[in-house]
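A structural walkthrough
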Amino acid sequence: MSATYNVIGTRPVRHDGADKVTGRAIYGADVQLAGLLHGYVLRSPHAHARIKRLDTSKAESFPGVHAIVTADDFPQTPERIVDLGEGDTPLSYVRGNLLAKGKVLYRGHAVAAVAAVNAHVAEEAAHLIEVEYEPLPCVLTAPDAMKEDAPRLHADPNVSAHIRHVKGDGEAAFKDAAVIVEREFHTATVHQGYIEPHAATALWNNDGRVLVWCSTQGSFVVRDVVSCVLDLPVSQVKVTPTEIGGGFGGKIPVYLEPVAALLSRKAGRPVKIVMTRQAVFEATGPTPGSYIKVKIGADKDGKFIAAQAYMAYEAGAYPGAMVGPGTMCVFAAYEIPHIAIDGYDVCVNKPSTAAYRAPGATNAAFATETVVDEIAEKLGIDPIELRLRNAAKEGTRRADGPKYRRIGCVEVLEAMKNHPHYKMPLAGPNRGRGVAIGFWFNVGLPSACTLAVNADGTVNLVEGSTDIGGTRTSIAMQAAEVLGIHAEQVLPSVADTDSVGFTGVTGGSRTTFATGMAAHDAAHDVVRQMKERAAKLWETGVDQVAHANGVYSSGDKSITFAELAARIGETGGPVVGRATVNPRGAGGSFAGNIVDVEVDPETGKVTILRFTAVQDAGKAIHPSYVEGQMQGGSVQGIGWALNEEYYMSPSGAMMNASLLDYRMPTALDLPMIDTCIVEVPNPGHPFGVRGVGEANIVPPPAAIANAIYHATGARLRRLPMNPPAVYEAIRITEDSTGRS
Amino acid sequence: MHAKVHVQCTINNEPAEFLCEPRQSLLECLRDVLGLTGTKEGCNDGNCGACTVMFDGRIVTSCLVLGVEAQGRSITTVEGIARGSQLHPLQQAFLENAALQCGICTPGFLVAAKALLDQEPNPSEERIRLFLANNLCRCTGYDKIIRAVQQCAREANA
């Protein structure tokens, strides 16, 4: 029996909508300040080289140049371990990625930065900086970097971490299996591909405070990084987040802000730096390329008995690939008694990797879900039915430790099985249907929210989660539901770091869950205070006042929220509700895809004929934006599956660092993306919300690989499955089976 | 550095003039000289469509047009789409259909979609997809954008 809601589950126009369709919304590059200078970052042309000499003198005397900085301009504070929102990292690695010191570790690594009267002058001057490099051998893939004689990026070994999860017995358990499938997989490095390049403006003010305006997924992370690398107390840094033009994990790391601040201190004026698209590709974001081996054994009824995974993920230039989450997700969808997982975090001469929507999980699911499809075929069991026989449920213990609370894996699979798409036969030559599922655990993290009641019956909501996809509205709706007012009567603002309590990143599918929970709790704080005001009006006890659907009542007296709001001045002054949360129980989300493809055997081109995305949202606050997350994640997964890759030269140059050559899906490449929202309420949230931002990107590559197999008989185990790869796989399959 | 050039043109149906360096793109002139920051830069090489504007009745990526080429021309940016305080039906349709998430590509999509509907009031889904294939969106998977354009066309033809 689900609760009935007035606001939750409706589809109001988003609060920032008018600004965003009229061009008024201010994004990172739109910031204008009096006296603004423009920065340009000089980047390494080598993937791995020692910096022998760096001479900025010619650039300094170039007309229009106001400041130049290099790594030597950072305060040389002693090495320590810092936690900047994504785990523990040595400070030298954080600083080193901002401006290289001694060595460059990837092509595009920042070496120096210039501030000048405009961006053209800054760029011209930057190219007058003389850098003498001693090129070093580079290493570009995890398996190569793990070899004994591989070039080393740091004093520490390239393998920076080995993660091992074991449940039950290891190898021995496979002896009871009727069928065992063991396969190897490779996935290419891909980029988050947000359309807005990174942009930051900083002013080192004359009072010593550093003011930053930037496009980021987490303004408090920016504050902490700036404070850390510039050796300032956090209170001396104020970060004002602008609107953000996409992130997907790639705008959690900080690249520009401390550099702009150093330039500003030297120049005595504000400095804005906007990345070029080439810099975005070469120096930010990508998600790890990986090598994965998965082995699963099942009994004759299809029950999985044992599973093993070996996962080597590219960290890029600094440790911290998303192999940890990858190991946690690789078998997360299934109840398997015996599991052994080994994960390796491996430094290579590519940009330092960042989170990308369910980071690590898509690579892992590509392997697992392809193996599961093979087992289904070998046993002659329907692939959804096989998954249902093994689906994780409440009480299932993952190999990495946690036991699931209520989850929706079974419900997602049932919804797939019963979907009209799955029931409709697929006819025609070279066509095939594939399915796959995926899991992402989601996170909690701190959030803060305040609500101030206005005399006209509206409420100002202040929160600190930058809004990438309509979260102002999904947060405001939760406050409106509690207050018994319309979504439009809550006016949400995303505040700067001086004006709201510490709030974690917009990431981990946490914003509607955690900041929404803070709004829910703050609204209850308002209700409590409004009850006090009604009690005062009626000269009765607070415990005599009831609240339902925005009406406060006591005996035969009643007053609406708006009427009571008009009288807060006379009953004691402003009403401000507040709440902070740091929730556990984010409640993971499962997603599944049904995809029909047609493969052109002459060219290897794969066309998506029909695509259905199913996902457990717990409770969909704003269904349109839940669907939007599902569609967007699915299409990123389609791009990852079919086209996208960092195409690297042997010397470590990305050969396709433009949006022409790094081919992301266009409108013409796709059909409509059908969605099916499943709602298995999350016991860890007052409305049952599960974050929906990420799990949707996990299944598409595997679902498409399975569909290609059913269309052609060729199994693809390497991403991307672009036309040459598919063509080649079909040819090899034909040769080995004698088909023609 | 070359002397700046004086350019006179029409922007969003009003006369405009500005000084620009010969090397500055129309996109830079709109954003940095004229303060019309609604037009966005996503790639600066004509591949993402975020900077799409109308240029004498054609859609162009303004990063590939020089500011000096605007002399005597008529330009419409996203700031010129609304009818006074009334949103254009396309803008309204984008909002009602949740056809934007981060919103950075939205100005380019609106200008391009308006150009399509101005020429072809009743385009097929395939035609909309082809016409908008110059504009990249990384958030929506395009589904709701296509539906917004379809709804706008439907209502205009009703």
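Residues numbered from 1 in each chain as written. Chains lettered and ligands numbered in written order. Predicted model: local features only at pLDDT ≥ 70, side-chain atom pairs only at ≥ 80, totals over all residues. Heavy atoms only, no water.

**Observations concerning the overall build of chain B**
Per the secondary structure count, chain B includes 5 helices and 5 strands. In terms of overall size, chain B behaves like a compact globule, its C-alpha atoms giving a radius of gyration of 16 Å where 158 residues would be expected to give roughly 15 Å. Buried residues in chain B amount to 58% of all 158 residues. At a minimum sequence separation of 6, the contacts of chain B that also span at least 24 residues come to 53%. (Helix = DSSP H or I, 4+ residues; strand = E, 2+ residues; numbered from the N terminus. Rg over C-alpha atoms; globule rule 2.2 N^0.38 Å. Buried < 20%, exposed > 50% of the residue type's maximum accessible area, 1.4 Å probe, protein only. Contact = heavy atoms within 4.5 Å.)

**Quick notes on the overall build of chain A**
Helix and strand content of chain A: 19 helices and 28 strands. Over its C-alpha atoms chain A spans a radius of gyration of 27 Å, differing by no more than 12% from the 27 Å that the globule rule assigns to 740 residues. When its C-alpha atoms are laid out on the principal axes, chain A stretches across 90 × 75 × 45 Å. Counting all 740 residues of chain A, 64% fall into the buried class. Sequence-distant contacts, at least 24 apart, represent 80% of the contacts inside chain A between residues at least 6 apart. Accessible surface, chain A: about 25,300 Å² in total, of which carbon and sulfur atoms supply 50%. (Areas by Shrake-Rupley, 256 points an atom, 1.4 Å probe, with all protein chains shown as cover.)

**Considerations on the interface of chain A and chain B**
Interfaces are often sized by the accessible area lost when the parts come together. With 57 residues of chain A in contact, the opposing surface of chain B contributes 47 residues. Carbon and sulfur atoms make up 58% of the area that chain A and chain B hide from each other, which totals about 4,200 Å². Together, A:Val21, A:Ile195 and A:Met672 form the three largest contributors to the area buried by chain A at its contact with chain B, with a combined 18%. Between B:Arg138 and A:Glu644 there is a salt bridge, with its nearest N and O atoms 2.7 Å apart. Where chain A packs against chain B, one counts 26 residue pairs in polar contact (both at pLDDT 80 or more). Of all elements in the fold, only helix 1 (17–22), helix 4 (119–126) and helix 17 (623–642) of chain A reach the threshold of two or more residues within the side of chain A that touches chain B. (Buried area = accessible area lost by both parts, 1.4 Å probe. Salt bridge = Lys/Arg side-chain N within 4 Å of Asp/Glu carboxyl O. Polar contact = N/O pair within 3.5 Å; in protein donor to acceptor, adjacent residues only side chain to side chain.)

**Here's the deal with the pairing of strand 25 (residues 576–581) of chain A**
All names here are of chain A. Alternating residues of strand 25 divide into Gly-577, Ala-579 and Val-581, all buried, and Val-576, Arg-578 and Thr-580, none buried. Pairing analysis gives 6 bridges linking strand 19 (residues 447–453) to strand 25, with the strands arranged antiparallel. When the sheet's bridge partners are listed, Cys-449 is paired in strand 25 with Ala-579. (Pairing = 2+ DSSP bridges.)

**Considerations on the sheet that holds strand 5 (residues 74–76) of chain B**
All names here are of chain B. In spatial order, the strands read 2-1-5-3-4; together these 5 strands make up an open sheet with mixed pairing. One side of each edge strand has no neighbouring strand; the edge strands of this open sheet are strand 2 (14–20) and strand 4 (58–61). Going from strand to strand, the sheet's axes swing by 40° on average, the running direction of each strand aside. Direction of pairing for strand 1 (residues 5–11) relative to strand 5: parallel, over a ladder of 2 bridges. Bridge assignment links Thr-10 to a residue of strand 5, and that residue is Ser-74. Seen against the sheet, helix 1 (residues 26–33) touches strand 1, strand 2, strand 3 (52–55) and strand 5 and runs at an angle of roughly 100° to strand 2. Sheet strands touched by helix 3 (residues 106–119): strand 3, strand 4 and strand 5. Its angle to strand 3, the strand with the most contacts, is close to 40°. (Axes fitted to C-alpha atoms, helices over the stretch in contact; angles between N-to-C directions.)

**Examining the state of the cysteines**
With the rule as written, the count across this model stands at 0 disulfides over all chains. Take B:Cys29: it sits in no disulfide, and the sulfur closest to it among the cysteines is that of B:Cys20, at 4.0 Å. (Disulfide = S-S within 2.5 Å.)

**As for the side chain of A:Thr471**
Summarising the element assignment, A:Thr471 is placed in helix 14 (residues 471–483). Sequence-distant contacts of A:Thr471, that is, excluding residues within four places in its chain, are made with A:Thr466, A:Thr511 and A:Thr512.

**Some words on the environment of A:Arg164**
Residue and element names in this part refer to chain A. Relative to the helices and strands, Arg-164 is located in strand 9 (residues 159–167). Distance from Arg-164 to Ala-487, taken between C-alpha atoms, is 47 Å for residues 323 residues apart in sequence. Ignoring anything within four residues of it in the chain, the contact list for Arg-164 reads Ile-341 and Asp-342. Within the local environment of Arg-164, its side chain forms a polar contact with the side chain of Asp-342, the two groups lying 2.7 Å apart.

**A few points about the pattern of salt bridges**
Residue and element names in this part refer to chain A. Tallying each qualifying case throughout the model produces 56 salt bridges over all chains. A salt bridge links Lys-295 to Glu-171; its shortest N-O distance comes to 2.7 Å. Placement of Lys-295 in strand 15 (residues 290–298) and of Glu-171 in the loop between strand 9 and strand 10 (179–187) is noted, with a sequence separation of 124 residues between them.

**Digging into the pairing of strand 24 (residues 557–560) of chain A**
Residue and element names in this part refer to chain A. Where strand 23 (residues 551–554) lies against strand 24, 4 bridges are found, and the strand directions are antiparallel. Paired with Ser-554 across the bridge in strand 24 is Lys-557. Adjacent in sequence and paired antiparallel, strand 23 and strand 24 are bridged by 2 residues, among which Gly-555 carries a positive phi angle near 60°.

**Examining the confidence of the model for chain B**
Scored by pLDDT, chain B comes out at a mean of 97, with 99% of its residues at no less than 70. Two summary scores accompany this predicted model of the complex, namely pTM at 0.97 and ipTM at 0.98. (pLDDT = per-residue confidence, 0-100.)

**Concerning the side chain of A:Gln636**
Positionally, A:Gln636 belongs in helix 17. Within the structure, the side chain of A:Gln636 is placed 3.4 Å from the backbone oxygen of A:Gln192, a separation counted as a polar contact.

**Some thoughts on the nonpolar core**
Generally speaking, a soluble globular protein has its nonpolar side chains buried in company with each other. Grouped together as the largest cluster of nonpolar side chains are 201 residues, with contacts concentrated most on A:Phe331, A:Ile708, A:Met721, B:Phe94 and B:Leu132. Ranked by residue count, the leading element in this core is helix 10 (residues 361–379) of chain A, at 9 residues. For B:Phe94, the contacting residues outside a window of four places in its chain are A:Val21, B:Ala99, B:Leu100, B:Thr106, B:Phe109, B:Leu110, B:Ile145, B:Ala148 and B:Val149. Among the nonpolar cores identified, the runner-up in size contains 44 residues, and A:Val453, A:Ile475, A:Ala523 and A:Phe687 belong to it. (Core = buried A, V, L, I, M, F, W, Y, C linked by side-chain atoms within 4.5 Å.)

**Observations regarding the sheet that holds strand 22 (residues 546–548) of chain A**
Residue and element names in this part refer to chain A. The strand order across the open sheet formed by 3 strands is 22-23-24, and the pairing between neighbours is antiparallel. Unpaired on one side and paired on the other, strand 22 and strand 24 mark the two borders of the sheet. Between one strand axis and the next, the sheet turns by 25° as a mean value, whatever way the strands run. The sheet contacts of helix 15 (residues 511–538) involve strand 22, strand 23 and strand 24, and relative to strand 23 the element is tilted by about 45°.

**A look at the packing of aromatic side chains**
Any two aromatic rings considered together are summarised by their centre-to-centre distance and by the angle between their planes. Residues and elements named next belong to chain A. On inspection of all chains with the given rule, the structure shows 17 aromatic pairs over all chains. Measuring from ring centre to ring centre gives 5.1 Å for Tyr-310 and Tyr-344, while their planes differ by 40°; the resulting arrangement is tilted. You can see Tyr-310 sitting in strand 16 (residues 304–316) and its partner Tyr-344 sitting in strand 17 (residues 338–347), a full 34 residues away along the chain. Judged by relative accessible area, which is 28%, Tyr-310 ranks as partly exposed. The exposure class assigned to Tyr-344 is buried, which follows from its relative accessible area of 16%. When the ring of Tyr-356 is compared with that of Trp-640, the centres are 5.4 Å apart and the planes differ by 15°; the resulting orientation is stacked. Pair noted here: Tyr-356 is in the loop between strand 17 and helix 10 and Trp-640 is in helix 17, with a separation of 284 residues, a long-range link. Residue class for Tyr-356 comes out buried when judged on its relative accessible area of 1%. (Phe/Tyr/Trp six-rings, centres within 6.5 Å; stacked < 30°, edge-to-face > 60°.)

**Details of the packing of helix 2 (residues 89–96) of chain B against helix 3 of chain B**
Residue and element names in this part refer to chain B. Put simply, helix 2 and helix 3 touch, their axes get as near as 10 Å, and they point 125° apart. One element, helix 2, and the other, helix 3, form an angle in the oblique class. Seen from above, helix 2 lies across helix 3 with right-handed handedness. On the side of helix 2, the interface is formed by Leu-90, Gln-91 and Phe-94, while helix 3 contributes Thr-106, Phe-109, Leu-110, Ala-113, Lys-114 and Leu-117. Here the contact of helix 2 with helix 3 is composed, by residue class, of 6 nonpolar, 2 polar and 1 charged. (Parallel < 35°, antiparallel > 145°, perpendicular 65-115°, else oblique. Left-handed = near helix turned anticlockwise from the far one by under 90°. Nonpolar A, V, L, I, M, F, W, Y, C, P; charged D, E, K, R; others polar.)

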